[in-house]
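Overview (structure and organization)
The primary structure of each chain is shown beneath.
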Amino acid sequence: MEESKKVRCPDGGLEDRLVMSGSMANLTDATSLQQFEELLKNNSKSLTVVHFHAAWAPQCSQMNDVMAELAKEHKHTMFVKLEAEAVPEVSEKYEITSVPTFLFFKGGEKIDRLDGAHAPELTNKVQRLGSGGGGAARAGDVPKEDLNERLKRLINAAPCMLFMKGSPQEPRCGFSRQIVQILKDHDVQYSSFDILSDEEVRQGLKTYSNWPTFPQVYVNGELIGGLDITDTRLLKHPLRYDWTCLNILFSDRLKTLINKSPIMLFMKGNKETAKCGFSRQILEIMNSTGVEYNTFDILEDEEVRQGLKTYSNWPTFPQLYVKGDLIGGLDIVKELKENGELISVLKGEN
């Protein structure tokens, strides 16, 4: 069967071409913002899974194979492949900063997200969020042990974990806003999780910790409490919950990583495989200098990823350090290269 479809041309433009539709009507590509929005609109009554991928990332190719298999099993779910850098307006809207990333939509609204090439978790989410077709399971069908293991990993993702509504930059309730300010006032290094982005975690954590409300603060895997309890314990039990000690230990770890090599690049991925466009571009620039450097994959360590933003007062990645000093991100490195100053900066001459 043939259908008219917008396809990207070698010169970057789009044109209508007749293409053969695949054997699976629920697996397709989105090559423009308009097409993406139409797909969401036309499939508003059931689950839509969108894979933001890149042609240069082998893990994306593997996850496309997983998508194809899932599409065979879940006939009532729409699976969409979207090249992240080819449709930047969609990627920017949904804050896609690495590939592969999966977004889940129902009724035209984003209901969940998965970052990284995690086939088992993708399969579980499709089953849990599916509309009921193709053997999809309900949320209650997820084994309790699996959820508890996931909660344990989240709680222990950093020495201090805050489960809140929204993010530290954009709290989405008054209590979350207040606890962010308390932690800031005590100069606490912490990571956070937006419980509004994952209903499974939101409900599961209430039972797991026997604490019915949010925000919730954990230190070294132990529940401290909510807003009122956290503030009280910080004031009355500073030794038991030694935030300063945690901060010093964590800062020492960051310093050790930054000084692991005279030139350290903190990026998404590594020298062999960049996992976002910005990281890929900075790798190309660094490799062109012929200067030796080491990398650290911030996607492999959420504690470092979040802590380095505060430590360096630099909110994005990649980040380049020379002899322990922050040089900057991609834009700064580009500017140094254009000005002919990059090599001398890398050699510590400036």
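We now turn to the structure provided with this report. (Residues numbered from 1 in each chain as written. Predicted model: local features only at pLDDT ≥ 70, side-chain atom pairs only at ≥ 80, totals over all residues. Heavy atoms only, no water.)

This part takes up the packing of helix H2 (residues 58-73) against helix H4 (residues 119-129). Between H2 and H4, the shortest axis-to-axis distance is 11 Å and the interhelical angle comes to 30°. As judged from the angle between their axes, H2 and H4 are roughly parallel. In terms of crossing hand, the pair formed by H2 and H4 is right-handed. Facing Met63, Val66, Leu70 and Glu73 of H2, the residues of H4 in contact are Ala119, Leu122, Thr123, Val126 and Gln127. Here the residues of the contact of H2 with H4 are counted per class, giving six nonpolar, two polar and one charged. (Axes fitted to C-alpha atoms, helices over the stretch in contact; angles between N-to-C directions. Helix = DSSP H or I, 4+ residues; strand = E, 2+ residues; numbered from the N terminus. Parallel < 35°, antiparallel > 145°, perpendicular 65-115°, else oblique. Left-handed = near helix turned anticlockwise from the far one by under 90°. Contact = heavy atoms within 4.5 Å. Nonpolar A, V, L, I, M, F, W, Y, C, P; charged D, E, K, R; others polar.)

On to the packing of aromatic side chains, then. What the rule picks out here adds up to seven aromatic pairs. Both rings, one in Phe163 and one in Tyr218, keep their centres 5.5 Å apart while their planes meet at 80°; by these two values the pair is edge-to-face. Taken together, the positions of Phe163 in strand S8 (residues 160-164) and Tyr218 in strand S10 (residues 216-219) put the pair 55 residues apart, joining distant regions of the chain. We note that Phe163, like Tyr218, is buried. Members of the aromatic cluster, joined through ring pairs, are Phe36, Tyr94 and Phe105. In this structure, Lys271 packs its charged tip against the face of Tyr293, placed 4.3 Å from the ring centre. (Phe/Tyr/Trp six-rings, centres within 6.5 Å; stacked < 30°, edge-to-face > 60°. Buried < 20%, exposed > 50% of the residue type's maximum accessible area, 1.4 Å probe, protein only. Lys NZ or Arg CZ within 6 Å of the ring centre and 35° of its normal.)

Let's shift gears to the sheet that holds strand S13 (residues 294-297). Here four strands make up an open sheet; going across it, the order is S13-S12-S14-S15 and the pairing mixed. Taken across any chain shown, the strands that pair with only one partner, and hence form the sheet edges, are S13 and strand S15 (325-328). Going across the sheet, the axis of each strand differs from the next one's by a mean of 30°, ignoring polarity. Looking at chain direction, strand S12 (residues 263-267) and strand S14 (residues 319-322) are connected through four bridges and run antiparallel. Paired with Phe266 across the two strands is Gln319, which belongs to S14. Sitting on the sheet, helix H10 (residues 277-289) touches S12 and S14, and the angle it makes with S12 is about 160°. (Pairing = 2+ DSSP bridges.)

Now for the pairing of S10. Burial of S10 is two-sided: the residues Gln216 and Tyr218 facing one way and the residues Val217 and Val219 facing the other way are all buried. Sheet topology note: the S8/S10 ladder contains four bridges and is antiparallel. By the bridge assignment for S10, Leu162 is matched with Val217. For S10 and strand S11 (residues 222-225), the ladder comprises three bridges, and the chain directions are antiparallel. From the neighbouring strand, Val219 faces S11, where its bridge partner is Glu222.

It is worth spelling out H2 at this point. Taking 1.5 Å per residue as the helical rise, H2 with its 16 residues ought to reach 22 Å, and the 24 Å between its terminal C-alpha atoms agrees with that figure. All buried positions along H2 are accounted for by Gln59, Cys60, Met63, Asn64, Met67, Ala68, Leu70 and Ala71. (Expected span 1.5 Å × (residues − 1).)

The biggest cluster of nonpolar side chains holds 20 residues, and the ones touching the most others in it are Phe36, Val50, Phe52, Leu82, Val90, Tyr94 and Phe105. Among the secondary structure elements, those contributing two or more residues to this core are helix H1 (33-42), strand S4 (48-53), strand S5 (78-83) and strand S6 (101-106). The contacts of Phe52, once residues within four sequence positions are left out, are Leu82, Ala84, Val90, Ser91, Ile96, Val99, Pro100, Thr101 and Leu103. The next biggest cluster of nonpolar side chains, apart from the first, holds 18 residues, and it includes Ile263, Ile282, Leu283 and Val345. (Core = buried A, V, L, I, M, F, W, Y, C linked by side-chain atoms within 4.5 Å.)

The next thing to look at is the environment of Leu183. Among the secondary structure elements, Leu183 is positioned in helix H6 (residues 174-185). Leu183 sits in the buried class, given a relative accessible area of 0%. A C-alpha to C-alpha distance of 9.7 Å links Leu183 and Leu162, two positions 21 residues apart in sequence.

A word on H1. Here H1 has its buried residues at Gln35, Phe36, Leu39 and Leu40. The buried residues of H1 occupy an angular sector of 135° when projected down its axis, which confines them to one face. More than 90 degrees from the buried face of H1, the exposed residues found are Gln34, Lys41 and Asn42. (Arc of directions from axis to C-beta.)

Taken together, five strands build an open sheet; the order of strands is S3-S5-S4-S6-S7 and the sheet is mixed. With one partner strand each, in any of the chains shown, strand S3 (27-30) and strand S7 (109-115) form the two edges of the open sheet. Averaged over all pairs of adjacent strands, the angle between their axes in this sheet comes to 25°, without regard to strand direction. Two strands pair when backbone bridges link them, and S4 and S6 are joined in this way by five bridges, in the antiparallel orientation. When the sheet's bridge partners are listed, Val50 is paired in S6 with Leu103. Along the sheet, H2 contacts S3, S4, S5 and S6; its crossing angle with S4, the most-contacted strand, is approximately 165°. Across the sheet, H4 is in contact with S4, S5, S6 and S7; its angle to S7 comes to roughly 160°.

In the segment running from Phe214 into Pro215, the intervening peptide bond is cis, with an omega of 10°. Here Pro215 shows up in the loop between helix H7 (199-209) and S10. In the Ramachandran plot, Asn313 falls in the positive-phi region, its phi being about 55° despite a non-glycine side chain. Overall, Asn313 belongs to the exposed group, its relative accessible area being 68%. Residue Lys323 is not a glycine yet carries a positive backbone phi of 50°. Here Lys323 is to be found in the loop between S14 and S15. On the accessibility criterion, Lys323 (54% relative accessible area) is exposed.

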